[in-house]
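Coordinate inspection notes
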Amino acid sequence: MAFRPIRLPLPLAGLLALAVAMGIGRFAFTPVLPMMQADLGLSLAQGSWLASANYLGYLLGALLVTHLSWSPATLLRFGLWLVVLMTAAMGLDSHWLGWLAWRLLAGVASAWVLIGTSALCIARLNATGQTERSGVVFAGVGCGITFAGLACMGLTLAGTAASQAWLWLAAAALGGLLGASMLWRTTDAAPNAAPAPPSPVSSGSAASAGQPSPSETPASLPAATATDPHAATPLHWGLILCYGVYGFGYILPATFLPAQARLLIPDPWLFSLAWPVFGLAGAVSTVMASRLTRRYTRPQIWAGAQVVMAVGVLLPAVWHTLPAILLAACCVGSTFMVITMVGLQEAQAAVGQAGAKRQMAAMTASFALGQLIGPIFFSLTHAWFGASLEFALVLGTLGLLAGAIPILRLRSPAASPRGS
């Protein structure tokens, strides 16, 4: 009997896809890191290199998308299966080189799923006048992080080994994949179906926000792109550079919050709370931020979120207590997916649907480069100069604050040819 995919609303299916790819494929390493430290004697520097392998994979995955002719649905399908397999491999392998390879491939897969899900879901929701429901899709990252954090908390308290924790997470990822499968099965069933024209609701919301919405109408695309779907749409380099600065600023606390909390207090109930708090804040924030577009432009939301994130990054550097860790988790967790959501929405608005996948891939690559530099910078300065993590957090704070200024001056290529 043929397999009948689970029929879920589009936003919920997108939520599951991002929960698997990002909550497990990318960020599950963070709550598992203390378990690997306890079981295997993994050092903080070694953990940083494993994190960097994942970030390098994320960069490579985004760069590959710019050269692949795969549809967003194909990226999504292959990426989710790769996440499941690589998560399981982390539990089945016990060799350092193997871990590096599996984390790298999981990063490649996560980039594919984020780009595929974003391009597919944003376009479909815009076409049906449900732009604000994008917040539900991007809440998947926070939901996945919360799930992984709570699962690892429970597994730690049950005395489960780190290798077994990876296998449990792989099983959860497989369940999420099955729930998200309707996204590509719907596309495969109607490969030639053209997207519905944008509704007045989505166009109106962009207009009321006081910002251009080039993606809302084919007339706003360059003439070559409107007539030839394979013509290369100019990249928006302002978005790409701002997104890279954001990646560098947030990645250090995102990687090491649970480890920092563990150093402050040995009680697993307490230090394990940092990561679920981070994820829960991320899940709630995207839904709330979707409604802010009625009053503020996306660049304004992005810049404001980046300032709040800077405060969260700085807190653990100047206040060495568990409340500071939890406040930092709230500040960073409540903003990192808001910036991701509005940034990728701005990518679609800036270059149009025809160039959205390429623009999103370039921004994701820039983000990945920024977050790749972060842990490597910490590892090298720690090894060579004895620099503390606090020094890197202060530097990340300054980068985020400085990067918030040009965000407010972003212009689309359609509005300013020099922007490309």
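Worth saying up front: this structure is predicted, and the values here are computed from it rather than measured. (Residues numbered from 1 in each chain as written. Predicted model: local features only at pLDDT ≥ 70, side-chain atom pairs only at ≥ 80, totals over all residues. Heavy atoms only, no water.)

1. A word on the side chain of Asn54
Put simply, the rule is: A run of H or I in DSSP becomes a helix once it reaches four residues, and a run of E becomes a strand once it reaches two; helices and strands are each numbered from the N terminus. Any pair of residues with heavy atoms lying within 4.5 Å of one another is described as a contacting pair.
For Asn54, the position within the fold is in helix α3 (residues 44-65). Excluding anything up to four places from it in sequence, Asn54 contacts Gly25, Arg26, Arg103, Leu104, Ala106 and Gly107.

2. Some points on the packing of aromatic side chains
The criterion, for reference: Pairing of aromatic rings covers Phe, Tyr and Trp, the last counted by its six-membered ring, and requires centre-to-centre distances within 6.5 Å; plane angles under 30 degrees mean stacked, over 60 mean edge-to-face, and any other angle means tilted. Exposure is judged per residue with a 1.4 Å probe applied to protein chains only, and the accessible area is read against the type maximum: over 50% gives exposed, under 20% gives buried, and values in between give partly exposed.
Enumeration over the complete set of coordinates arrives at eight aromatic pairs. With a centroid separation of 6.1 Å and 90 degrees between ring planes, the pair formed by Phe27 and Phe336 is classed as edge-to-face. With a gap of 309 residues between them, Phe27 in the loop between α1 (10-26) and α2 (29-40) and Phe336 in helix α15 (residues 322-351) connect regions that are remote in the sequence. Residues Phe27 and Phe336 agree in their burial class; the two are buried. Arranged with centres 5.3 Å apart and planes meeting at 80 degrees, the rings of Trp70 and Trp112 form a pair that is edge-to-face. Of the two residues, Trp70 sits in the loop between α3 and α4 (72-92) while Trp112 sits in helix α5 (residues 96-127), which places them 42 residues apart along the sequence. Following the ring pairs from residue to residue traces out a cluster consisting of Tyr58, Tyr243, Tyr246, Trp302 and Phe367.

3. Here we look at a nonpolar patch on the surface
Keep this limit in mind: For patch building, the residue pool is restricted to those with more than 30% relative accessible area and no salt bridge; the joining distance is 9 Å between like charges and 5 Å between nonpolar side chains (Val, Leu, Ile, Met, Phe, Trp, Tyr). Surface accessibility follows the Shrake-Rupley procedure with a 1.4 Å probe radius. Residue values consider only the protein chains on display as shielding. Whenever a carboxyl oxygen of Asp or Glu lies within 4 Å of a side-chain nitrogen of Lys or Arg, that contact is scored as a salt bridge.
A contiguous nonpolar surface patch, about 330 Å² in accessible area, is contributed by Trp49, Trp96 and Leu97. The residue Trp49 is located in helix α3 in this model. We classify Trp49 as partly exposed; its relative accessible area is 39%.

4. What about empty space enclosed by the protein?
This is how it is decided: The definitions used throughout rest on a 1 Å grid laid over the protein atoms alone, on which a cavity is an enclosed set of points accommodating a 1.4 Å probe that cannot get out and a pocket is an open set flanked by protein within 12 Å on both sides along at least five of seven lines; lining residues are those having an atom within 4 Å of a point. Grid points are joined across faces, edges and corners, and a volume is the space filled by probe spheres set on the points.
What the rule picks out here adds up to three cavities of 30 Å³ or more. Taken as a whole, the second largest cavity spans an internal volume of roughly 90 Å³. Lining the second largest cavity are 13 residues, with Met22, Tyr58, Leu114, Thr340 and Phe367 positioned closest to its centre. At the level of elements, α1, α11 (237-264), α15 and α16 (353-385) are the ones that each hand at least two residues to the lining of the second largest cavity.

5. Description of the environment of Leu169
Mapped onto the fold, Leu169 is located in helix α7 (residues 162-180). Relative accessible area serves as the criterion here: at 1%, Leu169 is assigned to the buried category. Residue contacts for Leu169: discarding those within four places in its chain leaves Ile24, Ala28, Val32, Thr87, Phe147, Ala148 and Cys152.

6. A look at the nonpolar core
As a reminder of what qualifies: To define a nonpolar core, start from buried Ala, Val, Leu, Ile, Met, Phe, Trp, Tyr and Cys residues and group those joined through side-chain atoms within 4.5 Å.
Residues Met36, Leu80, Leu183, Tyr250, Trp302, Met309 and Phe336 are the most contacted members of the largest nonpolar core, which totals 107 residues. Once residues lying within four places of it in the same chain are set aside, the contact partners of Phe336 are Phe27, Val141, Ile145, Tyr246, Tyr250, Phe278, Gly282 and Met309.

7. Some remarks on helix α17 (residues 389-407)
What counts here: Helices are assigned an expected span. That span is 1.5 Å times one less than the residue count. This arc corresponds to the set of directions leading from the helix axis out to the C-beta atoms.
The end-to-end C-alpha distance of α17 is 27 Å, a good match for the 27 Å that 19 residues give at a rise of 1.5 Å each. Burial in α17 covers these residues: Leu389, Ala392, Leu393, Gly396, Thr397, Leu400, Gly403, Ala404 and Ile407. Down the axis of α17, the smallest arc covering the buried residues is 145 degrees, so these residues share one side. Across from the buried face of α17, at angles greater than 90 degrees, the exposed residues are Leu398 and Ile405.

8. Observations concerning the packing of α1 against α3
We apply this condition: Here the axes come from fitting lines to C-alpha atoms, over the contacting stretch only for helices, and the angles between their N-to-C directions go from 0 to 180 degrees. Under this grouping Gly is polar, as are all residues other than the nonpolar Ala, Val, Leu, Ile, Met, Phe, Trp, Tyr, Cys and Pro and the charged Asp, Glu, Lys and Arg.
Taken N-terminus to C-terminus, the directions of α1 and α3 make an angle of 145 degrees; their axes are 11 Å apart at the nearest point. Together, Met22, Gly25 and Arg26 of α1 and Asn54, Tyr55 and Tyr58 of α3 make up the contact between the two elements. For the contact of α1 with α3, a count of residues per class yields three nonpolar, two polar and one charged.

9. Here's the deal with α5
Across its 32 residues, α5 extends 47 Å between first and last C-alpha, which sits within 8% of the 46 Å expected from 1.5 Å per residue. Among the 32 residues that make up α5, 24 are buried, leaving the element largely enclosed by the rest of the structure.

10. Describing the confidence of the model for the chain
Stated precisely, the cut-off is as follows: The quantity called pLDDT is the predictor's confidence in a given residue, expressed from 0 to 100.
In this model, the chain carries a mean pLDDT of 80, and residues with pLDDT of at least 70 account for 80%. Considering only residues more than four positions removed or in separate chains, one finds that residues 188-230, a stretch of pLDDT under 50, has 54 contacts. Segment residues 413-420: pLDDT under 50, and 13 contacts once partners within four positions in sequence are set aside and those in other chains are kept.

11. Describing the environment of Gly154
You can see Gly154 is positioned in helix α6 (residues 134-157). In this structure Gly154 comes out as partly exposed when scored by relative accessible area, which is 38%. In this structure the C-alpha to C-alpha distance between Gly154 and Ala165, which are 11 residues apart in sequence, comes to 10.0 Å.

12. As for the packing of α4 against α5
We apply this condition: Comment on the angle field: the value is read as roughly parallel under 35 degrees, roughly antiparallel over 145, roughly perpendicular from 65 to 115, and oblique elsewhere. Note on convention: the crossing is left-handed when the near helix lies turned anticlockwise from the far helix by less than a right angle, right-handed when the turn is clockwise.
The N-to-C vectors of α4 and α5 enclose an angle of 150 degrees; their axes lie 7 Å apart at closest approach. In this view, α4 runs roughly antiparallel relative to α5, as classed from their interaxial angle. For the pair α4 and α5, the crossing hand works out as left-handed. When grouped by side-chain class, the residues that make up the contact of α4 with α5 number 21 nonpolar, four polar and one charged.

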